[in-house]
Each structure stands twice: as structure tokens, then as C-alpha cells.
Amino acid sequence: MAKTDSRVTIHMAVSLDGFVARKDGSVDWLETKDEFVEGATLDPEFVAAFLKTIDCYVMGSRTYETALRFESQGFGWAYGDKPSFVLTTRELPRTRNTVEFYSGDLAQFVNERLRPTFRTIWFVGGGVVSGECMRLGLADEVCYSILPILIGDGIPFIDKLDRDVALHLAEVKAYKSGMVELRYEVRR
Ligand SMILES: NC(=O)c1ccc[n+]([C@@H]2O[C@H](COP(=O)([O-])OP(=O)(O)OC[C@H]3O[C@@H](n4cnc5c(N)ncnc54)[C@H](OP(=O)(O)O)[C@@H]3O)[C@@H](O)[C@H]2O)c1
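Given the structure is predicted, the values throughout are model-derived calculations rather than measurements.

Parameters and conventions
- Residue positions are given per chain, counting from 1 as you read along its sequence in written order.
- Note on the predicted model: pLDDT of at least 70 is required for a residue's local features to be given, and 80 or more for side-chain atom pairs to be given and counted; whole-chain, interface and lining totals, by contrast, use all residues.
- Computation of side-chain values: all heavy atoms of the structure, hydrogens and water removed.
- Put simply, DSSP marks the helices as runs of H or I at least four residues long and the strands as runs of E at least two long, and each gets a number from the N terminus on.
- Between the two quantities, the radius of gyration covers C-alpha atoms and the globule rule is 2.2 Å times the number of residues to the power 0.38.
- Throughout this description, buried means an accessible area under 20% of the type-specific maximum (1.4 Å probe, protein chains only), exposed means over 50%, and partly exposed covers the range between.
- When checking whether two residues touch, look at their non-hydrogen atoms; a contact exists if any pair is within 4.5 Å.
- Only four residue types enter the tally: Lys and Arg on the positive side, Asp and Glu on the negative side; His and the chain ends are excluded.
- Here the site of a charge means NZ on Lys, CZ on Arg, CG on Asp, or CD on Glu.
- Patch definition: residues above 30% relative accessible area lacking any salt bridge, with like charges linked at up to 9 Å and the nonpolar side chains Val, Leu, Ile, Met, Phe, Trp and Tyr linked at up to 5 Å.
- Surface accessibility in these figures is a Shrake-Rupley result with a 1.4 Å probe; residues are shielded only by whichever protein chains are displayed.
- Salt bridges are identified by distance alone: a Lys or Arg side-chain nitrogen within 4 Å of an Asp or Glu carboxyl oxygen.
- By convention in these notes, a residue is near a molecule or strand provided one of its non-hydrogen atoms lies within 4 Å of it.
- Under the rule applied, a polar contact is a pair of N or O atoms within 3.5 Å (in protein, one hydrogen donor and one hydrogen acceptor; residues adjacent in sequence only if both atoms are side-chain atoms).
- All residues other than Ala, Val, Leu, Ile, Met, Phe, Trp, Tyr, Cys, Pro, Asp, Glu, Lys and Arg, Gly among them, are scored as polar; the first ten of these are nonpolar and the last four charged.
- Two rings from Phe, Tyr or Trp (for Trp, the six-membered ring) form a pair when their centres sit within 6.5 Å of each other. Planes less than 30 degrees apart are called stacked, planes more than 60 degrees apart edge-to-face, and all others tilted.
- Strand pairing is defined by DSSP finding a minimum of two bridges between the two strands.
- Whenever a helix is involved, its axis is fitted only over the stretch in contact; in every case the axis is a line through C-alpha atoms, and angles between N-to-C directions fall within 0 to 180 degrees.
- Throughout, nonpolar core names a set of buried Ala, Val, Leu, Ile, Met, Phe, Trp, Tyr and Cys residues whose side chains join them through atoms within 4.5 Å.

Asks: Could you clarify how one ought to interpret the overall build of the protein in this entry?
Replies: Helix and strand counts for the protein stand at four helices and ten strands. Listed by position from the N terminus, the elements making up the protein come as β-β-α-β-α-β-β-α-β-α-β-β-β-β. Taking 16 Å as the expected radius of gyration for a compact globule of 188 residues, we find that the protein reaches 16 Å, a close match to that expectation. Seen through its principal axes, the protein has C-alpha atoms that stretch 45 × 40 × 35 Å. The buried share of the protein, taken over its 188 residues, is 40%. Once local pairs closer than 6 in sequence are excluded, the contacts in the protein between residues at least 24 apart make up 74%. For the protein, the separation between the mean place of its 23 positive charges and that of its 28 negative charges on side chains is 3 Å.

Asks: Explain a nonpolar patch on the surface to me, please; I cannot follow it from the model alone.
Replies: Where nonpolar side chains cluster on the molecular surface, the patch consists of Leu42, Phe46, Phe50 and Leu51 and spans about 350 Å² of accessible area. Here phenylalanine 50 shows up in helix 1 (residues 44–52).

Asks: How do you make sense of the site of the ligand when you look at a structure like this?
Replies: Around the ligand, a shell composed of 26 residues is seen, among which Ala13, Gly25, Thr63, Thr88 and Thr89 lie nearest. Note that an oxygen atom of the ligand is positioned 2.7 Å from one of the backbone N or O atoms of glycine 25. Interatomic distance of 3.1 Å between a backbone N/O atom of valine 129 and an oxygen atom of the ligand. Expressed as a share of its isolated accessible area of 940 Å², the protein-covered part of the ligand is 87%. Elements that contribute at least two residues to the shell around the ligand include exactly strand 1 (7–15), strand 2 (19–21), helix 2 (61–72) and helix 4 (127–135). When grouped by side-chain class, the residues that make up the shell around the ligand number eleven nonpolar, twelve polar and three charged.

Asks: Whenever I open this one, the packing of aromatic side chains confuses me. Can you help?
Replies: Ring pairs (aromatic) are described by centroid distance and by the angle formed between their planes. Overall, the coordinates contain eleven aromatic pairs when judged by the stated rule. Ring centres of tryptophan 77 and tyrosine 79 lie 5.2 Å apart, and the angle between their planes is 80°; this geometry places the pair in the edge-to-face category. For the residue pair tryptophan 77 and tyrosine 79, the accessibility class agrees, reading buried in each case.

Asks: Please clarify how helix 3 (residues 106–114) should be interpreted in this entry.
Replies: Think of an α-helix as turning once every 3.6 residues; residues three or four places apart then point the same way. Where helix 3 is concerned, the buried positions are Leu106, Ala107, Phe109, Val110 and Leu114. Those residues of helix 3 hidden inside the fold are in contact with strand 1, strand 3 (56–60), strand 4 (84–87), strand 5 (99–102), strand 6 (120–123) and helix 4. The distance from a side-chain oxygen at the start of helix 3 to the backbone nitrogen of alanine 107 is 3.0 Å, and the residue carrying that oxygen is aspartate 105.

Asks: Looking at this structure, how should I read the sheet that holds strand 5?
Replies: In a beta sheet, neighbouring strands are held together by backbone hydrogen bonds and run either parallel or antiparallel to one another. Across the sheet, which stays open at both edges, the eight strands sit in the order 5-4-3-6-1-7-10-9 with mixed pairing between neighbours. Unpaired on one side and paired on the other, strand 5 and strand 9 (167–174) mark the two borders of the sheet. Sheet twist, expressed as the mean angle between neighbouring strand axes with direction ignored, is 20°. The strands touched by helix 4 are strand 1, strand 3, strand 4, strand 6, strand 7 (141–147) and strand 10 (180–186); relative to strand 1, the strand with the most contacts, the crossing angle is about 140°.

Asks: Quick question: what am I supposed to make of the nonpolar core here?
Replies: Side chains of a nonpolar character, in soluble globular proteins, are inclined to be buried together. Counting residues in each nonpolar core, the largest one holds 28 residues, and the members touching the most others are Ile10, Leu114, Ile121, Phe123 and Phe157. Counting residues per element, the ones that place at least two in this core are strand 1, strand 3, strand 4, helix 3, strand 6, helix 4, strand 7 and strand 10. The greatest single-element share of this core, amounting to five residues, is contributed by helix 3. Every residue in contact with phenylalanine 157, bar those within four places of it in the chain, is listed here: Ile10, Met12, Val14, Gly18, Val20, Gly127, Ser130, Val142, Cys143 and Tyr144. Membership of the second largest hydrophobic core comes to 13 residues, among which are Ile54, Met59, Tyr64 and Trp122.

Put into C-alpha cells, the structure is as follows:
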């Protein structure tokens, strides 16, 4: 039985033109320099408290490989000590006990394995996995953090969506860094 109050959220940082990475997978553009004077400040204590509310992460293998690369460059592991489920058909290095690999039917995995155990389930990319999640009707909400930059081309936030998905705008926040965070609930 699924936890009735479990929630699947897709969250990524995007360029204003809707990309989560360049075509070659690079995310150098995430470091933007802007100032929106009236924006809110991202308080590290608030961020830490917020991250505690996330029960587990789900990501595609290419996102995992980016996270491993960042870690090897000294930027740390982005997903703390939370269970992190990596979708892959390949044999990838398992660098910590919190990482688990899965291959196969994503709907079955989310509904039968994750929802009964975790309340707050975060899909953190990339575009292929977000597309799969959305096409299968698994997402309850979408968090879209827009950075103040256009990059022209790249990997889309949601890859290969095959229909319209109606959303309800639930929250808007603008930050001093020029980032705008939009939270939408998926209309059923
Ligand atoms: N801006 C942001 O916030 C943000 C966030 C996340 C990622 N990114 C960027 O996005 C890029 C990666 O995105 P992407 O769309 O190319 O790839 P992705 O979604 O991270 O990974 C896709 C891969 O996951 C595996 N997969 C997906 N569904 C599966 C299933 N049901 N069973 C088994 N394996 C499955 C497949 O890999 P296998 O070949 O291993 O089977 C597939 O090629 C990276 O450059 C990353 O840095 C950006």
C-alpha cells in the first residue's frame, strides 16, 4: 500500500530557456552573477532545515555521474546521508551505502517500493528521468528554479513529454541571486 501522504517532486535548476545542462552535459552556467535587490537571501540554516524534510532522492545515471564528478573535484556529495536511488542499466561505482541502483519499471518502483516507505520523494534529474516520471504520471509537484541566464541549447528539463500536463502554481519566490523558484502542483 502506498503512503497516502507521500509526494513525488521533480526539482532542478534551469536556464530561463528551459535547459538543465548543455548538450555535452556541462553545468558551468549554474554559477551566475546577478543581483535582484528586493530578493530574499538563501539562509544556510533554512536550506539545511529544508533538506532534512527530503526523505530520499531519485536520479538518472548521468546525473549520478555528474554528482560523482563534482565530488571528486572537492564540491562534496549533494545528497547528504539520504537514500539515493540511481536508475541505470549499467554497472556503476557505488561510492556510499546510501546509494542503491535500480533498473526497470519506474512506476512499479515508485508506487510499490518508494511510496510505502518515504513521504517526500525528490526526483533530481536529469531531463530523461524527469520526462519518464512525468509521462508515467508519477509526479505530484514540479519545482523549477530559474537561473538568470539563457544558454540557447541543451538538455531539456522534461525530455520527450507526449502530452500537456496542467499545473497549479502553488508558490513563487525570488532571491537576491536573481534565481526565481516556482513550485507547481500537478493537476489530476
Ligand atoms: N540543472 C540541474 O539542476 C541538473 C540536475 C540534474 C542533472 N543535471 C544535468 O543533467 C544531465 C543529465 O541528464 P540526462 O537527461 O542526460 O540524463 P539522466 O536523466 O540523469 O539519466 C538518464 C539515464 O538514466 C538511466 N535510466 C533512466 N530510466 C531508467 C530506468 N527506468 N531503468 C534503468 N535505467 C534508467 C539510463 O542510463 P543507463 O545508460 O545508465 O542505463 C538513462 O540514459 C547531466 O549533465 C547533469 O549534470 C542538471
